[in-house]
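As a plain string of letters, each chain reads:
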Amino acid sequence: MRHYPVYLDTRAKRIVLSGGGEAAVAKLRLLMKTEAEIHVFAEAPDSLITDWSEAGRITLLRRALTPLDLTDAALAYAADEEPGRDAATAAMARAAGVPHNIVDDLQGSAFITPAIVDRDPVTVAIGTEGAAPVLARLIKSDLEARLSPSLGALARIGKAFRTMAEALPMGRARRDFWRDYYERTGPRAIAGGEAETQAALEALLEEHLQRPARAAHVAFVGAGPGDPELLTLKARRLIDEADVIIHDRLIAKPILELARREALVINAGKEGFGPSLTQEDINALIVEHTRDGAQVVRLKGGDTAVFARLDDEIEACEAHGLSYSVVPGITAASASAAALGQSLTKRGRNTEARLVTGHDMQGYADHDWARLARTGEVTAIYMGKRAARFLQGRLIMHGAAPNMPVSVVENASLPSQRILATTLAQLPQAQAEAALTGPALTLLGLAPRQQHTKEERAL
Ligand code: SAH
């Protein structure tokens, strides 16, 4: 960044401009928005400049700029569009220690003027260091369309109300109040005028002052396998009350839509094998927001206690003395068994069912393969999609029957749910043919109940 953007105070300052043509007019249009006193030096000024002078908006001096004119000036513009003259203006400014700008000459200028989106007191300055004026214009028109024309008025009214808002405790309570104003209450009220906005602001402050202070807390919440109807009532309430939601990649949109409009929703999605936020980053996010006084919901797919790194996150909270609670959810194995119309344990068949992972931090995970290979056993494999060939190899090696039923349930509980019914011998190939893209759970030892999923078995 060669050019560093700053905002210059122009109150009771003088800005000097040499030039009377088109470039001067364009710069003056911007400069007249400031509170500075503007001195223009031009022997043959454009008629607009004489008009502005007559209206008292600028001071026009019909002569050339001299070094004395620069004494105590805040800025100097060389806008004569004559290289020799502009260089002389720049030299005088340099000698007087006044930052100077030569119009359309980035190299010769001490500072450059950005493109400006003006919602005074909110202003956005856009600079490309001369690289792409077209781009600056595109960004400007994009922002012009995006920032409501009433934003300036909103900010002005808000600014005048700052002392009043100090009745709220510093930190989150006050931030929540301002967020409410700028996002919701303000934009609605401003259509009715400034007086109405002022009244709305007062009412909003009263409402926020009445709000009971809640202690910071983080709830680790299981969001279930995806279907919003499989959320617990408690999960639903906590999502609805949360200030901050930090969620996994697997959390479906309809669930996130239950959050309040004001809530901050952060995707902390970790990809199976790909690049991602580290667990430390996620711990830090949770701690940071909870310490800040927020009601935080750490939303995890399925159940909080199944392959969900819950302990790491709880330990991070304990290390900082933060209050937390854990709310269980329906795990993918339950939802997948439900999709098959089967139970995970069955009298006379298996008295235990295992939840295992297809891979761990070291790569493909190792297990007691001989037990998993036995007929009648039921094993739910999480994160097992990519491990299909490895699993098959290990199980066959430990004596599993090649016709052991295997079901892979993709997107369990969601409208996009698919069931792949196959055998151990066919697993890798069948899975490749099905081209699964969503999260999938592999169930060893279970086939879909015939009548239950007739059409899905066609897969
Ligand atoms: N805590 C989660 C598991 C997280 S590990 C739970 O209790 O369900 C992520 C793995 O869960 C995925 O790789 C996939 O194997 C499984 N999974 C999660 N949601 C699933 C869904 N809707 N359908 C099938 N498998 C799912």
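Structural data are supplied above this passage.
Attention in this report is confined to the structure presented alongside it. Bear in mind the structure is a predicted one, so any value in this text is a computation, not a measurement. (Residues numbered from 1 in each chain as written. Predicted model: local features only at pLDDT ≥ 70, side-chain atom pairs only at ≥ 80, totals over all residues. Heavy atoms only, no water.)

1. Side note on the overall build of the protein
Move 1: Helices and strands together make up the secondary structure of the protein, namely 17 helices and 19 strands.
Move 2: A compact globule built from 459 residues would reach a C-alpha radius of gyration of about 23 Å, whereas the protein, at 33 Å, exceeds it by more than 25%.
Move 3: When its C-alpha atoms are laid out on the principal axes, the protein stretches across 105 × 55 × 45 Å.
Move 4: Out of the 459 residues in the protein, the part that is buried amounts to 44%.
Move 5: In the protein, 63% of the contacts between residues at least 6 apart in sequence involve partners at least 24 apart.
Move 6: With the model as given, the accessible surface of the protein reaches about 24300 Å², and the carbon-plus-sulfur share is 54%.
Move 7: For the protein, the distance from the average position of its 53 positive side-chain charges to the average position of its 58 negative side-chain charges is 6 Å. (Helix = DSSP H or I, 4+ residues; strand = E, 2+ residues; numbered from the N terminus. Rg over C-alpha atoms; globule rule 2.2 N^0.38 Å. Buried < 20%, exposed > 50% of the residue type's maximum accessible area, 1.4 Å probe, protein only. Contact = heavy atoms within 4.5 Å. Areas by Shrake-Rupley, 256 points an atom, 1.4 Å probe, with all protein chains shown as cover. Lys, Arg positive; Asp, Glu negative; His and termini not counted. Charge placed at Lys NZ, Arg CZ, Asp CG, Glu CD.)

2. What to know about a nonpolar patch on the surface
Move 1: Together, Val134, Leu135, Leu138 and Ile139 line one region of the surface with nonpolar side chains, adding up to about 350 Å² of accessible area.
Move 2: For Ile139, a relative accessible area of 33% gives the class partly exposed. (Patch = residues over 30% accessible without salt bridge, like charges linked within 9 Å, V, L, I, M, F, W, Y side chains within 5 Å. Salt bridge = Lys/Arg side-chain N within 4 Å of Asp/Glu carboxyl O.)

3. Section: helix H11 (residues 279-291)
Move 1: The terminal C-alpha atoms of H11 lie 18 Å apart, and with 13 residues this matches the ideal 18 Å at 1.5 Å per residue to within 8%.
Move 2: When we look at burial in H11, the residues that qualify are Gln279, Ile282, Asn283, Leu285, Ile286, Val287, His289 and Thr290.
Move 3: Tucked into the core, H11 has its buried residues touching strand E8 (217-222), strand E9 (244-247), strand E10 (264-267), strand E11 (295-300) and helix H12 (310-319).
Move 4: Once H11 finishes, Gly293 follows within two positions and takes phi at roughly 100°, a positive value. (Expected span 1.5 Å × (residues − 1).)

4. Regarding the pairing of strand E16 (residues 378-382)
Move 1: Buried residues dominate E16, accounting for 5 of its 5 residues.
Move 2: The side-chain alternation of E16 yields two buried faces, one formed by Val378, Ala380 and Tyr382 and the other by Thr379 and Ile381.
Move 3: Pairing of strand E13 (residues 353-357) with E16 involves 5 bridges; the strand directions are parallel. Bridged to Val356 within E16 is Ile381.
Move 4: In this structure, E16 lies alongside strand E19 (residues 440-444), joined through 3 bridges in antiparallel fashion. (Pairing = 2+ DSSP bridges.)

5. Things to note about the nonpolar core
Move 1: Trp369, Leu395, Ala400, Val408, Leu424 and Leu444 are the most contacted members of the largest nonpolar core, which totals 22 residues.
Move 2: Only helix H14 (369-372), helix H15 (388-397), strand E17 (405-410), helix H16 (427-434) and E19 provide two or more residues apiece to this core.
Move 3: Beyond its immediate sequence surroundings of up to four residues, Trp369 is in contact with Phe390, Leu391, Arg394, Leu395 and His398. (Core = buried A, V, L, I, M, F, W, Y, C linked by side-chain atoms within 4.5 Å.)

6. Thoughts on the environment of Arg349
Move 1: Mapped onto the elements of the fold, Arg349 is located in the loop between helix H13 (332-340) and E13.
Move 2: Arg349 sits in the partly exposed class, given a relative accessible area of 27%.
Move 3: In the structure, Arg349 is positioned 322 residues away from Lys27 in sequence and 85 Å away in space, judged by C-alpha atoms.
Move 4: In terms of polar contacts, Arg349 uses its side chain to reach the side chain of Asn350, at 3.0 Å. (Polar contact = N/O pair within 3.5 Å; in protein donor to acceptor, adjacent residues only side chain to side chain.)

7. Some details on a negative patch on the surface
Move 1: Where like charges cluster on the molecular surface, the negative patch consists of Glu22, Glu81, Glu82 and Asp104.
Move 2: As for its placement among the helices and strands, Glu81 is situated in the loop between strand E4 (75-78) and helix H3 (83-96).

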